[in-house]
Amino acid sequence: GDDRVKISVIGCGYLGAVHAASMAELGHDVIGFDVDEAKIRSLSAGEAPFFEPGLPEILKSATASGRLRFTSDVTELKGAKVHFLAVGTPQKAGEYAADLTYVDLAVESLIPQLSEGDLLVGKSTVPVGTAARLAARIDASGSGALLAWNPEFLREGFAVKDTISPDRLVYGIPEGERGLVAKALLDEIYATALSNDTPLVVTDYATAELVKVSANAFLATKISFINAMAEIAEVTGADVTQLADAIGFDARIGRRFLNAGVGFGGGCLPKDIRAFSARAEELGRGESVAFLKEVDAINLRRRQRAVDLVVESLGGQVYQKKIAVLGLAFKPDSDDIRDSPALDVAVQLHGLGAEVVATDPEAIANSARKHPQLSFTETVEDALHGAEAVVVVTEWKEFRELDPVAAKALVANAIVIDGRNCLDAEAWRAAGWTYRGMGRP
Ligand code: UDX
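Reading the values: rules and limits
The residue numbering used here restarts from 1 in each chain and proceeds along that chain's sequence as written. Where totals are concerned, whole chains, interfaces and linings use all residues; where local detail is concerned, this predicted model gives features only for residues with pLDDT of at least 70, and gives and counts side-chain atom pairs only at 80 or more. UniProt positions are given in the numbering used here, feature names are shortened, and annotations may be inferred rather than shown by experiment. For our purposes the nonpolar core covers buried Ala, Val, Leu, Ile, Met, Phe, Trp, Tyr and Cys residues that link as a set through C-beta atoms within 7 Å. Here a residue counts as buried when 20 or more other C-beta atoms fall within 10 Å of its C-beta, as exposed when 12 or fewer do, and as partly exposed in between; the C-beta atoms come from the backbone. Under the scheme used here, helices are H or I runs from DSSP no shorter than 4 residues and strands are E runs no shorter than 2 residues, and both carry numbers assigned from the N terminus. Where each domain begins and ends follows an automated or database-derived domain assignment. By the criterion used throughout, residues are in contact when their C-beta atoms, derived from the backbone, lie within 7 Å. By construction, the arc corresponds to the directions joining the helix axis to the C-beta atoms. Only Asp, Glu, Lys and Arg are considered charged, only Ala, Val, Leu, Ile, Met, Phe, Trp, Tyr, Cys and Pro nonpolar, and every remaining residue, Gly among them, polar. Any residue whose backbone-placed C-beta atom lies within 6 Å of a molecule or strand is treated as near that molecule or strand. Confidence of the predictor in every single residue is expressed as pLDDT, which spans 0 to 100. Should DSSP find at least two bridges between two strands, the strands are taken to pair. Fitting a line to C-alpha atoms yields each axis, with helices limited to the stretch in contact; the angle taken between N-to-C directions then spans 0 to 180 degrees. The definition of a right-handed crossover adopted here requires that, viewed with the strands pointing away, the path from the first strand over the helix to the second runs clockwise.

For the protein chain, an unreviewed UniProt entry supplies the name UDP-glucose 6-dehydrogenase and the organism Compostimonas suwonensis. Regarding the protein chain, the relevant UniProt record gives this comment under Pathway (unreviewed entry): "Nucleotide-sugar biosynthesis; UDP-alpha-D-glucuronate biosynthesis; UDP-alpha-D-glucuronate from UDP-alpha-D-glucose: step 1/1." We quote the UniProt Sequence similarities (unreviewed entry) comment for the protein chain here in full: "Belongs to the UDP-glucose/GDP-mannose dehydrogenase family."

Engineer: Help me out: how do you make sense of the nonpolar core in this one?
Structural biologist: Core analysis: the largest hydrophobic core is formed by 137 residues, its most contacted members being Val310, Ile323, Val325, Val390 and Val391. Here the element with the most residues in this core is helix α9 (residues 205–236); it accounts for 11 residues. Both domains that furnish three or more residues to this core are identified here as domain 1 (6–203) and domain 2 (222–436). The residues contacting valine 391, other than those within four sequence positions of it, are Ala306, Val310, Ile323, Val325, Leu326, Val345, Ile417 and Gly419.

Engineer: What's the story with helix α2 (residues 37–44) in this structure? I'm lost.
Structural biologist: Because an α-helix packs 3.6 residues into every turn, residues spaced three or four apart end up facing the same way. When α2 is considered as a whole, its buried residues turn out to be Lys39, Ile40 and Leu43. Considered in projection along α2, the buried side chains sweep an arc of 100° and stay on one side of the axis. Every exposed residue of α2 that faces more than 90 degrees away from the buried side is listed here: Glu37 and Ala38. As for α2, its buried residues are in contact with α1 (14–25), β2 (29–33), α3 (55–65) and β3 (68–71). Directly after α2, the chain includes glycine 46, whose backbone phi takes a positive value near 80°.

Engineer: Which parts of the structure should I look at to understand the domain arrangement of the protein chain?
Structural biologist: By convention, interface size is frequently given as the accessible area that disappears when the constituent parts associate. Segmenting the protein chain into domains produces domain 1 (6–203) and domain 2 (222–436). Using C-alpha coordinates to define each centre, domain 1 is positioned 33 Å away from domain 2. Between domain 1 and domain 2, the contact holds 14 residues from the first and 15 residues from the second. Within the side of domain 1 that touches domain 2, the residues separate by chemical class into 10 nonpolar, three polar and one charged.

Engineer: Even after reading the chapter, I still don't get the site of the ligand, so can you show me in this structure?
Structural biologist: Lining the immediate environment of the ligand, one finds 19 residues, of which Glu156, Asn259, Phe264, Gly266 and Cys268 sit closest. The residue makeup of the shell around the ligand, split by class, is 10 nonpolar, six polar and three charged. Domain assignment of the residues forming the shell around the ligand places at least three in each of domain 1 (6–203) and domain 2 (222–436).

Engineer: When you look at the confidence of the model for the protein chain in this model, what are you seeing that I'm missing?
Structural biologist: Keep in mind that low pLDDT regions are not for reading the predicted coordinates in detail. The predicted model of the protein chain averages 97 in pLDDT, with 99% of residues at 70 or higher. Two summary scores accompany this predicted model of the complex, namely pTM at 0.97 and ipTM at 0.98.

Engineer: Explanation requested: the sheet that holds strand β10 (residues 355–359) in the structure shown.
Structural biologist: Pairing between the strands of a sheet comes from backbone hydrogen bonds, and it takes one of two forms, parallel or antiparallel. Read across the open sheet, the six strands follow the order β11-β10-β9-β12-β13-β14; overall the sheet is parallel. The two strands at the open ends of the sheet, each matched to only one other strand, are β11 (375–376) and β14 (434–436). Of the pairings in the sheet, the one linking strand β9 (residues 322–326) to β10 comprises five bridges and is parallel in character. From the neighbouring strand, alanine 324 faces β10, where its bridge partner is valine 357. Its contacts with the sheet place helix α12 (residues 291–313) against β9, β12 (389–392), β13 (415–418) and β14, and it is angled at close to 165° to β13.

Engineer: How do you make sense of the UniProt feature "active site" (unreviewed entry) in the protein chain when you look at a structure like this?
Structural biologist: Under the UniProt annotation, "active site" (unreviewed entry) lies at Cys268. Relative to the assigned elements, cysteine 268 resides in the loop between α10 (240–248) and α11 (269–282).

Engineer: Can you help me understand α10 in this one?
Structural biologist: Here α10 has its buried residues at Val240, Thr241 and Ala244. The arc that holds the buried residues of α10, viewed along the axis, is 105°, so those residues lie on one side. Away from its buried face by more than 90 degrees, α10 exposes Gln242, Asp245 and Ala246. Where α10 is buried, its residues meet α9.

Engineer: Is there a simple way to explain the pairing of strand β5 (residues 119–122) in this structure?
Structural biologist: Within a regular strand, side chains alternate between the sheet's two faces. On β5, burial covers both faces: Leu119 and Val121 on one face and Leu120 and Gly122 on the other are all buried. For strand β4 (residues 82–85) and β5, the ladder comprises four bridges, and the chain directions are parallel. When the sheet's bridge partners are listed, histidine 83 is paired in β5 with leucine 120. In this region the chain leaves β4, passes through helix α4 (residues 101–110) and returns to the parallel neighbour β5; the handedness of that crossover is right-handed. Here β5 runs beside strand β6 (residues 146–149); their pairing, made up of four bridges, is parallel. In the strand pairing of β6, glycine 122 is matched with tryptophan 149. Following the backbone out of β5, through helix α5 (residues 130–141) and into the adjacent parallel β6, one traces a crossover that is right-handed.

Shown next, in the form of C-alpha cells:
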C-alpha cells in the first residue's frame, strides 16, 4: 500500500544493485540511482550488469512488478524516506587509503533532495570516522535528515541470500531520540530478517564502521595464517590441508576460511585491509594493525609461489611453452577479477614469455578487457590441448571435477599445479600426473 516506506539506493554497483533488488524482493518500494546511464539502462531492462547467481531473477520480477525502478536523475530521489548509500570506496591510486570521492559526491548531490526526518543509511565500507563527519555535514545542511551506518557483509556468489537473510544486522545510530527514530525505520525495513531472529547489534557510528573492517581484517588474517603454515609445510614436507583439517576440528578455530592456496583477492579483502592500515596510521595507531601488512605480504607471496612452481616443474624455463591457466575470477561463481590472484598468475606467466591460454566459466570478458595480451579460450579442452603444464587458480566446480585420465590425453606434459588445493591429488597421481599443491608434499 501507500504507507510502505519508500527506499532509494544511491550507487548501483555490486552492492547497490543487489541491495536495491533484494529490498524490492522483500516487498519494499525501491528506486535505484547511479550516474552511469548505461548501467541504469541495463538495470531498468531487468538485466544484471555482472554475474551473480539469483540476481537476474529478482531484478526481472521486481522491475516488472513496478516495485523497483532505476534512474540517473538525482531529483527523483526526493520523496523516498530512507536513502541507502552504496557507492564504491576503492583504493586510492598509488596509496593504501580509501578514496571517498564517490561517498562525498553522493552525499552532496543527495542533500538537496532530503526532507525533515529522512534517513540516510551508509552501507559503503568506509574508514572509521567517516559517518561522524557525514552526520555533521548533514546537520549543517539544515535538511533535518538523520544518518545511520549499517555495514553490509555480503559475499559475492551468495549476495542475494546474504542480503535477504543476513548472519547479523548492525546499526550504527546517533544518541538519544534521533537514534530511536533511525532504529525504528531500519527495523521496519529489515522486518523480515528480524522476525527470523537475525541477531542485531545496535551501536554508535564508530563501532559500526569498525565491525565491517575488522571482520574483513580477521578473515584476511585467517587466510594468510594458513598460507603462512603452507610456507612452513613446504620446507618441512608437511601437508597444510591435513593440518587445516586437524586444527579446524577445534571449534574455537573452525575449518572455514582455512584453505591455503594462491590467496585472497576481490573487491573487498585486499583494499579493506590496506585502507584499515592507512586509517590506523592517521589515528596514531599504525602499530595496532601492523600485522595486516604481513597479512598482505604473505598473500601476495602465494601468487608468486604458484608461478614459481610452474617454472620449476618445467625445468626453470617457461619461454614459449604453452601453459593452461584454469581460472581467472578471484573466486568461483563470480565474474569478478578485481585483485584476482588467478588473473595475476596468468599475467605473470605471460610476462615470463609463456604461451598462456586461460579459461574461466564467467570471467573471460572482464579479463580480456583488462589484459588483451593474454589468450583466452571458452573450453577447458582447448586450454589443455598441447599444454606443457596446467595450473588451477580458481576452484570452479568444472575444474574440480575434471577427469584426470581424459585430461592427460589432451596435454603434452602431465604436470598440474593445484593453486587452490582443490583437486584429488591421489586420483591425479594415479592417472600419471605430476601433481604439485600449495603447502603439500
Ligand atoms: C568478502 C567477505 O567474505 C564478505 O563478508 C564481505 O562483505 C566482502 O568481502 P568476497 O570478497 O565476496 O567477500 O569473497 P570471500 O568469499 O570472502 O573470498 C575472498 C577471497 O579469499 C577469495 O579470493 C577466496 O578465493 C579467498 N579465500 C577464501 C581463500 O583463499 N581461502 C579461504 O579459505 C577462503
